[in-house]
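Notes for the structure review
Listed here are the chains, written in short residue letters.
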Amino acid sequence: MRAGDAARVLGAIARHHELELVSGDEVVLDALIARGLVRAAPEPGPERARLDALRAELAAVGRVRAARPDDPTLGAEERRLRTEILERSEEVARSEGATVLRARGGGPYRGVVGPAARVQITQRGRALMTDLEPRTWRSAELTLDAFDAEMAALRALLDRRAARAAAILAHARARDRLGPAPSAALVGLSVLRAEPPVIARVLDAALTRLAPLDAAQPGAAAAGAECLCLASADLTVVERPHVTDGLMADVRELTSRFGVAFEDALDAAALLSHLPREAREARLALAFELASAMRVRGRAVSLAFALLAVSGESSVPAHLPAQLAALDDELAPEVSGAPERMATAVLLLASKYERQAQIRRWRTLRQYLARVSPDGMSVEAALLAWLALPVEEILHDLRLASQALGRHGVAGTGAETVAVASKLLLSMAAMAAGAEGDPEERLALAPLASPALELVGLGGALAALPLAALSAFHRTVLCAATAWEEVHHPTHSGYVYGGYRPRGHYRG
């Protein structure tokens, strides 16, 4: 049985109270019943009649008990009747919610489940629908067994990445230097091929050398260390002093040369880190040209997001400043903060998707993400929209990733978990787009990346894209969401487990 046929028949049963089977559906239905995904449902009439009789009997016992309140046998009988009434009520409810199947032409369906068949989807069937419906577009031709195997492999790979992040944390000595959102850096590093003890050792060395960055911004050392580890072809090179010293020098040079804030300079240095030195000047010149053109239009774009906007370009497209300004205007009623709005606009345009379709995807994602934080989810939604998947599949992958992070203890508050899970999905999409023997490449249901992700550079994108995007996202979401959760969900907040402290501004 093909997964697409299973999805079609299960979906039809779920949506309709009466369903006319078309040619071929009978075979699919019988296979679904054999697998325990669908079950036969009895006619509700006999059960309903028995339920009415039980209720009448309970009423009679109640009247007798009112006259003889001390009779213990009446109390026991009343309890028995109530238990049976509850069981029968559940059966009637299930049967009345069943779907009546009819053969083509309106006659009763006479299959293995009997004439005028009534069927219900089982819990196993509904679990399969939850996995299958968002992915039918690319799994319709798979057999149902192959689809089950692919979903098991997807869950296992998410678990593997989360487990590696937890293992890196367990071996790291400098874990107290990972910033206020340590899971983000660990999840980014989980894609490296080295063993967790080796990754942790290099991370410790880089954090020690980059410690001065934390004086300017808490968590900056962790962001820089992660970036260097992911952008370096040889992980052990990061342990050499000249590598970390070079990153700090780049940040200072960008701050001085372009007059940008420290966090913007760090983001920009991260986005450039995967490029050869000789290619960086050309990219910086394009970014500065775009930023200048936006200033003429009365708009500000950070150096890091200007670099994102011109990724893959040999010159600044003539239409780009006007497009960014127009999109900035369009988003104004929905996103009040100017930096967050411009960051969102850049990510939506830089994804290289059709603009209006991408805006619709962004709005749907943002509406869903608002469940974990009422404000500030614009950038995170735009970042998730870089995945080349339908919104429904993105959201289901996001739930699976969040669950995996939670199982391995590398999740935080609701908003933080969403941010880290988003980064995990983007990193896996970047790995799946490569050809270097990573397990994501062999996974048919792996997250897929926008073609634009490769323009940023696969190695650099794992750190730099989320790092730059979260620079706008973190301040408005993670800090605000922590305070919001303390008011609305105090049993799940840091208030219960040690008290609230303002979070720093960590990007990565």
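Along every chain, residues carry numbers that run from 1 in the direction the sequence is written. Given that this is a predicted model, residues contribute local features only at a pLDDT of at least 70 and side-chain atom pairs are listed and counted only at 80 or more, while totals for whole chains, interfaces and linings are drawn from all residues. As a rule here, side-chain values cover all heavy atoms of the structure and leave hydrogens and water aside.

A word on the overall build of the protein chain
Secondary structure elements follow DSSP: runs of H or I of four or more residues count as helices, runs of E of two or more count as strands, with numbering from the N terminus. Across its full length, the protein chain carries 23 helices and four strands. Counting only residues that meet the buried cut, the protein chain has 51% of its 508 residues in that class. Only heavy atoms matter for contacts: two residues are in contact if any of them lie within 4.5 Å across the pair. Contacts spanning at least 24 positions in sequence make up 73% of the contacts within the protein chain whose residues lie at least 6 apart. Exposure classes here rest on a 1.4 Å probe applied to the protein chains alone. A residue is buried below 20% of its type maximum, exposed above 50%, and partly exposed in between.

Some points on the packing of aromatic side chains
Each Phe, Tyr or Trp ring (for Trp, its six-membered ring) is paired with any other whose centre lies within 6.5 Å, and the angle between the two planes then decides the class: stacked below 30 degrees, edge-to-face above 60, tilted in between. Overall, the coordinates contain one aromatic pair when judged by the stated rule. With a centroid separation of 5.6 Å and an interplanar angle of 45°, the aromatic rings of F258 and F288 are classed as tilted. Taken together, the positions of F258 in helix 12 (residues 241-258) and F288 in helix 14 (residues 277-296) put the pair 30 residues apart, joining distant regions of the chain. Taking the relative accessible area as the measure of exposure, F258 reaches 18% and is therefore buried. One residue, R361, lies across the ring of Y353, its end atom 5.4 Å from the ring centre. In this analysis the charged atom, NZ for Lys or CZ for Arg, is taken to sit over a ring once it is within 6 Å of the ring centre and within 35 degrees of the ring normal.

A closer look at the pattern of salt bridges
When a carboxyl oxygen of Asp or Glu is within 4 Å of a side-chain nitrogen of Lys or Arg, the pair counts as a salt bridge. In the structure shown here, the tally under the stated rule is 32 salt bridges. In this structure, R35 engages D145 in a salt bridge whose closest nitrogen and oxygen atoms are separated by 2.9 Å. Of this pair, R35 sits in the loop between helix 2 (25-34) and strand 2 (38-40) while D145 sits in helix 7 (residues 144-171); the two residues are 110 residues apart in sequence, bridging distant segments of the chain. Classification of R35 by relative accessible area gives partly exposed; the value is 26%. When the shortest N-O distance is used, the salt bridge between R299 and D328 registers 2.8 Å. Here the residue R299 occupies a position in the loop between helix 14 and helix 15 (303-309), and D328 occupies one in helix 16 (residues 320-331), the gap between them amounting to 29 residues. D328 gets classed as buried once you look at its relative accessible area, which sits at 6%.

Notes on the side chain of S311
Looking at the secondary structure, you find S311 in the loop between helix 15 and helix 16. We call two N or O atoms a polar contact when they sit within 3.5 Å, provided that within protein one can donate a hydrogen and the other can accept it, with sequence-adjacent residues counted only if both atoms are side-chain atoms. Separated by 3.2 Å, the side chain of S311 and the backbone oxygen of L308 make a polar contact.

A closer look at the side chain of R361
As for its position among the elements, R361 is in helix 18 (residues 355-369). Here the side chain of R361 touches Q358 through a polar contact of 2.9 Å, side chain to side chain. For R361, the contacting residues outside a window of four places in its chain are Y353, A385, L387, L389, P390, V391 and I394.

Some remarks on the sheet that holds strand 1 (residues 18-20)
Pairs of strands are assigned from DSSP output, requiring at least two bridges between the strands. The strand order across the open sheet formed by four strands is 1-3-4-2, and the pairing between neighbours is mixed. One side of each edge strand has no neighbouring strand; the edge strands of this open sheet are strand 1 and strand 2. Pairs of neighbouring strands in the sheet enclose a mean axial angle of 35°, with direction left out of account. Alignment of strand 3 (residues 99-102) against strand 4 (residues 118-121), held across two bridges, turns out to be antiparallel. To define axes, lines are fitted to C-alpha atoms, for helices over the stretch in contact only, and angles between the resulting N-to-C directions are given on a 0 to 180 degree scale.

Some words on the packing of helix 17 (residues 338-350) against helix 18
Describing two packed helices takes the angle between their axes plus the distance from one axis to the other. With their axes 9 Å apart at the nearest point, helix 17 and helix 18 run at an angle of 125° to one another. On the basis of the axis angle, helix 17 is oblique to helix 18. In this structure, helix 17 crosses over helix 18, and the sense of that crossing is right-handed. For the pair formed by helix 17 and helix 18, the contact residues are T344, L348 and L349 on the first element and R355, Q358, I359 and W362 on the second. All residues other than Ala, Val, Leu, Ile, Met, Phe, Trp, Tyr, Cys, Pro, Asp, Glu, Lys and Arg, Gly among them, are scored as polar; the first ten of these are nonpolar and the last four charged. Grouping the constituent residues of the contact of helix 17 with helix 18 by class yields four nonpolar, two polar and one charged. Comment on the angle field: the value is read as roughly parallel under 35 degrees, roughly antiparallel over 145, roughly perpendicular from 65 to 115, and oblique elsewhere. Definitions for this section: a left-handed crossing has its near helix turned counterclockwise from the far helix by less than a right angle. A right-handed crossing has that turn clockwise.

With respect to the nonpolar core
Nonpolar cores are built from buried Ala, Val, Leu, Ile, Met, Phe, Trp, Tyr and Cys residues. Side-chain atoms within 4.5 Å join them into one set. If you look at the biggest cluster of nonpolar residues, it comprises 139 residues, and the most contacted ones within it are L158, L290 and L324. Those residues in contact with L158 that lie beyond four places of it in its chain are L400, A401, A404, L424, L425 and M428. L51, L58, V61 and L74 belong to the second largest nonpolar core, which has seven residues in total.

Side note on unusual backbone geometry
Residue K352 is not a glycine yet carries a positive backbone phi of 70°. On the secondary structure map, K352 appears in the loop between helix 17 and helix 18. Of the residues examined, K352 reaches a relative accessible area of 41% and is grouped as partly exposed.

Brief notes about the environment of R297
Looking at the element boundaries, R297 is found in the loop between helix 14 and helix 15. Taking C-alpha positions, R297 is 7.5 Å from A325, a pair spaced 28 residues apart along the chain. Once you skip the residues sitting within four places of it in the chain, R297 turns out to touch P321, A322 and A325.

Some remarks on the pairing of strand 4
The alternating pattern of strand 4 places R118 and Q120 and V119 and I121 on opposite faces, both of which are buried. Pairing of strand 2 with strand 4, which is carried by three bridges, proceeds in the antiparallel orientation. Bridge assignment links R39 to a residue of strand 4, and that residue is Q120.

Quick word on helix 16
An ideal rise of 1.5 Å per residue puts 16 Å on 12 residues; helix 16 measures up with 16 Å between its terminal C-alpha atoms. All buried positions along helix 16 are accounted for by L320, P321, L324, A325, L327, D328 and L331. Taken end-on, helix 16 shows its buried residues confined to a sector of 165°, consistent with a single buried face. Here a helix's expected span is defined as the number of its residues, less one, multiplied by 1.5 Å. Throughout, the arc means the angular range of directions from the helix axis out to the C-beta atoms.

Regarding helix 7
When the terminal C-alpha atoms of helix 7 are compared, their 41 Å separation across 28 residues agrees well with the 40 Å that a helix rising 1.5 Å per residue should span. Every buried residue of helix 7 is accounted for by L144, F147, E150, M151, L154, L157, L158, R161, A162, R164, A165 and I168.

Notes on the environment of R88
Tracing the chain through its elements places R88 in helix 4 (residues 72-96). Sequence-wise, R88 and R50 are 38 residues apart; in three dimensions their C-alpha atoms are separated by 8.0 Å.

Notes on the confidence of the model for the protein chain
Detailed reading of the predicted coordinates is not advisable wherever pLDDT falls low. Confidence of the predictor at the level of single residues is given by pLDDT, which spans 0 to 100. Within the protein chain, residue pLDDT values average 81, and 83% of them lie at 70 or more. For the protein chain, per-element mean pLDDT is lowest for helix 23 (residues 458-488), which scores 40, and highest for helix 16, which scores 96. When the criterion is pLDDT under 50, residues 112-116 qualifies, and its contacts beyond four places in sequence or with other chains add up to 11 contacts. Low pLDDT, under 50, characterises residues 457-508; the predicted model gives this stretch 140 contacts beyond four residues in sequence or across chains.

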